[in-house]
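The lines below spell out each chain.
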Amino acid sequence: MKFFLDTADLDEIKEAASWGALAGVTTNPTLYSRIGGKLDDFHNHIARICEIVDGPVSAESVAMTRDEIVRDGRELAAIAPNVVVKIPTMVEGLAACRTLADEGIRVNMTLCFTVPQAILAARAGARYISPFVGRFDDISEDGLSQLENVVTAINNYDYSENTVNHEQVEIIAASIRSANHVTQAALMGADIATVPFNVLKKMIQHPLTDRGLESFLKDWEKVANA
Ligand SMILES: O=P(O)(O)OC[C@H]1O[C@](O)(CO)[C@@H](O)[C@@H]1O
C-alpha cells in the first residue's frame, strides 16, 4: 500500500515528506479553503506542492460542465508533470475524464461511493478512483465494507486498456479518519490510502513502542555507566 497525504498545508507536506514514506498528495476545495487559500494563488500553490513531492498531486476542478472541467483539467495538468486532475464522479465528470485521459492527462475520480460509480470511472479512463470511507460512517453506514466492494469489483477486471499508457487503475481509500481505517484498507488490498496528517501521526504511534524504547534507553544507561 502507498500513502498520500490529504492536505493543502505546505508545512504538513514538508514534514510528512521528510519521513521518507510519502508517495503523493491529495487536495480538495475544503482543504485549500482551510489553509486560507486564495483563488488566484491556487495554481501557484499546487506548483509549490509539486516541488516538495515527486509523486502524484491531485488538484480538483470545481467546474460543473464537461467542457469547463476539461479546460480546468488542461490548465491544472500544465502546472507540473505530476499533477493528477481530480474530478467528481458524475456524468459531466465521466465525459471530461474520457477526454482528458485520451489526451494523456491522469485523472482521479473523487466523491465515489458505489461499485457502479467506480466501474464507470474505470471505463472512462480514470487512473485513480477515490471511494470515501468516513462519509459513509458519518451517515451510519459501513464505509469499510463499501470500500471493500469497490476494491473487489475493480480488481475482478483489467481496466488498463482505458488508462493513460495502459497503467493499472489504483484505488485510493479516501475520507480516512483513523489508523484502523488504514489497517482495514490495507488488508482488503486498497492500493493507496490518502490520510490527513493527524492520522499519519497516529499510524506511527504505539504505547508498547514507547514503553520498549524507554526500557532500552534505561538499560543502555546501565551499560554506559558500568
Ligand atoms: O470526508 P473527509 O474527511 O472530508 O475526506 C474527503 C476526502 O475527499 C478527497 O477529496 C478525496 O480524494 C480527499 O481529499 C479526502 O480523503
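The structure we're discussing is the one just above.
None of these values were measured; they are calculated from a predicted model.

Rules behind the numbers
- Residues numbered from 1 in each chain as written.
- Predicted model: local features only at pLDDT ≥ 70, side-chain atom pairs only at ≥ 80, totals over all residues.
- Heavy atoms only, no water.
- Helix = DSSP H or I, 4+ residues; strand = E, 2+ residues; numbered from the N terminus.
- Rg over C-alpha atoms; globule rule 2.2 N^0.38 Å.
- Buried < 20%, exposed > 50% of the residue type's maximum accessible area, 1.4 Å probe, protein only.
- Areas by Shrake-Rupley, 256 points an atom, 1.4 Å probe, with all protein chains shown as cover.
- Lys, Arg positive; Asp, Glu negative; His and termini not counted.
- Charge placed at Lys NZ, Arg CZ, Asp CG, Glu CD.
- Contact = heavy atoms within 4.5 Å.
- Axes fitted to C-alpha atoms, helices over the stretch in contact; angles between N-to-C directions.
- Parallel < 35°, antiparallel > 145°, perpendicular 65-115°, else oblique.
- Left-handed = near helix turned anticlockwise from the far one by under 90°.
- Salt bridge = Lys/Arg side-chain N within 4 Å of Asp/Glu carboxyl O.

**Student:** Outline the overall build of the protein, listing residues and values.
**Tutor:** Each helix and strand counted, the protein has 11 helices and eight strands in total. Its C-alpha radius of gyration of 19 Å places the protein within 12% of the 17 Å reference for a compact globule of 226 residues. By principal-axis analysis of the C-alpha atoms, the protein measures approximately 75 × 40 × 35 Å. Looking at the protein as a whole, 45% of its 226 residues qualify as buried. Carbon together with sulfur atoms contributes 53% to the accessible area of the protein, which is approximately 11,600 Å² in total. Separation of charge centres in the protein, based on 20 positive and 31 negative side chains, amounts to 2 Å.

**Student:** I'd like a rundown of the side chain of Thr-27, residues and numbers included.
**Tutor:** Mapped onto the fold, Thr-27 is located in the loop between strand 2 (22–26) and helix 2 (29–34). The residues touching Thr-27, leaving out its near neighbours within four places in the chain, are Thr-7, Ala-8, Ile-46, Ile-49, Ser-58, Ala-59, Glu-60 and Lys-86.

**Student:** Could you give an account of the packing of helix 6 (residues 115–123) against helix 8 (residues 143–155), naming the residues involved and the relevant values?
**Tutor:** Interaxial distance between helix 6 and helix 8 falls to 9 Å at its minimum, and their mutual angle equals 40°. Compared by their axis directions, helix 6 and helix 8 come out oblique. Taken as a pair, helix 6 and helix 8 cross one another with a handedness that is right-handed. Residues Val-115, Ala-118, Ile-119 and Ala-122 of helix 6 form the contact with helix 8, whose own contacting residues are Asn-149, Val-150, Ala-153 and Ile-154.

**Student:** Which residues make up the pattern of salt bridges, and what are the values?
**Tutor:** Tallied over the entire structure, the rule returns 11 salt bridges. Notably, a salt bridge pairs Glu-60 with Lys-86, separated by 3.5 Å at the nearest N-O pair. Placement of Glu-60 in strand 3 (residues 57–60) and of Lys-86 in strand 4 (residues 83–88) is noted, with a sequence separation of 26 residues between them. Judged by its relative accessible area of 5%, Lys-86 is buried. Through salt bridges with shared partners, one network takes in Lys-2, Arg-106, Arg-127, Glu-167 and Glu-170.

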